[in-house]
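Secondary and tertiary structure notes
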Amino acid sequence: MTLTEQILTIAAVVVATMLTRFLPFVLIGNKRETPPYIKYLGRVLPCAVFALLIVYCLRNINVFETPHGLPELFGIAVTIILHLIKRQMLFSIAGGTIFYMLLVQFVFI
């Protein structure tokens, strides 16, 4: 990419980000009540995103070949246990990911 293309790309990303951040406030405004469908989406979308991420991460697991999906299963179990204990989403995700990476690097070589 040339310098001009890089600047235009960065500018496009900045404008798109600003639009997605500011547009809801412009359309809905701070003075009006938040529409019920927006509240509904705020409740269900985080769970839907995590479900999609889980499906995406586990889509290529073959339980008939070694290691039979065990590192992924243990990583998910650690994530769930950490979340039940601490109730800190970022801590749970990081802990499960680190545990999974350690298993893949040192145990299930």
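Description of the structure in this document. (Residues numbered from 1 in each chain as written. Predicted model: local features only at pLDDT ≥ 70, side-chain atom pairs only at ≥ 80, totals over all residues. Heavy atoms only, no water.)

A short note on the overall build of the protein chain
The number of helices and strands found in the protein chain is four helices and zero strands. The secondary structure elements of the protein chain, listed N-terminal to C-terminal, are α-α-α-α. In terms of overall dimensions, the protein chain is more spread out than a globule: its C-alpha atoms have a radius of gyration of 21 Å, far above the 13 Å expected for 109 residues. For the protein chain, the spread of C-alpha atoms along the principal axes amounts to about 55 × 45 × 25 Å. (Helix = DSSP H or I, 4+ residues; strand = E, 2+ residues; numbered from the N terminus. Rg over C-alpha atoms; globule rule 2.2 N^0.38 Å.)

Description of the side chain of S92
Considering the arrangement of structural elements, one finds S92 in helix α4 (residues 89-107). Given the relative accessible area of 2%, S92 is considered buried. Here Q88 takes part through its backbone oxygen, which lies 2.9 Å from a polar atom of the side chain of S92. With near-sequence residues (within four places) excluded, S92 lies in contact with T79, L82 and H83. (Buried < 20%, exposed > 50% of the residue type's maximum accessible area, 1.4 Å probe, protein only. Polar contact = N/O pair within 3.5 Å; in protein donor to acceptor, adjacent residues only side chain to side chain. Contact = heavy atoms within 4.5 Å.)

What to know about helix α2 (residues 36-58)
In this model α2 runs 34 Å from its N-terminal to its C-terminal C-alpha over 23 residues, within 8% of the 33 Å that 1.5 Å per residue would give. At V44, α2 shows its strongest bend, of approximately 35°, with the proline P46 following within four residues. (Expected span 1.5 Å × (residues − 1). Bend = angle between axes of the 7 residues up to and from the residue.)

Focus on α4
For α4, built from 19 residues, the straight-helix expectation of 27 Å at 1.5 Å per residue is met to within 8% by its first-to-last C-alpha distance of 26 Å. Of the positions making up α4, those classed as buried are S92, G96 and L103. Taken end-on, α4 shows its buried residues confined to a sector of 25°, consistent with a single buried face. Turned more than 90 degrees off the buried face of α4, the exposed positions are L90, I98 and F106. Those residues of α4 that are buried lie in contact with α3 (70-86). (Arc of directions from axis to C-beta.)

Quick look at the environment of I54
Structurally, I54 is set in helix α2. Distance in space between the C-alpha atoms of I54 and I80 is 13 Å, their sequence separation being 26 residues.

Side note on the packing of α3 against α4
Axis angle and axis distance: for two packed helices, these are the angle between their axes and the distance between the axes, and together they describe the pair. Relative orientation of the contacting elements α3 and α4 amounts to 155°, with a least axis distance of 8 Å. Classified by the angle between their axes, α3 and α4 sit roughly antiparallel to one another. For the element pair α3 and α4, the recorded crossing hand is right-handed. Contact residues: P71, E72, F74, G75, V78, T79, L82, H83 and K86 in α3; M89, F91, S92, I93, G95, G96, F99, Y100, L103 and V104 in α4. When its residues are assigned to classes, the contact of α3 with α4 shows eleven nonpolar, six polar and two charged. (Axes fitted to C-alpha atoms, helices over the stretch in contact; angles between N-to-C directions. Parallel < 35°, antiparallel > 145°, perpendicular 65-115°, else oblique. Left-handed = near helix turned anticlockwise from the far one by under 90°. Nonpolar A, V, L, I, M, F, W, Y, C, P; charged D, E, K, R; others polar.)

Some words on unusual backbone geometry
Apart from glycine, the bulk of residues carry a negative phi angle, and the bulk of peptide bonds sit in the trans form. Note that the residue after T66, namely P67, is joined by a cis bond; omega there is 10°. Its location among the elements puts P67 in the loop between α2 and α3. Look at H68: it is not a glycine, yet its phi comes out positive at around 65°. Judged by its relative accessible area of 40%, H68 falls in the partly exposed class. The phi dihedral of R87 is positive, around 60°, even though this residue is not glycine. For R87, the position within the fold is in the loop between α3 and α4. For R87, a relative accessible area of 56% puts it in the exposed group.

In short, shape yes, function no, at least from these values alone.
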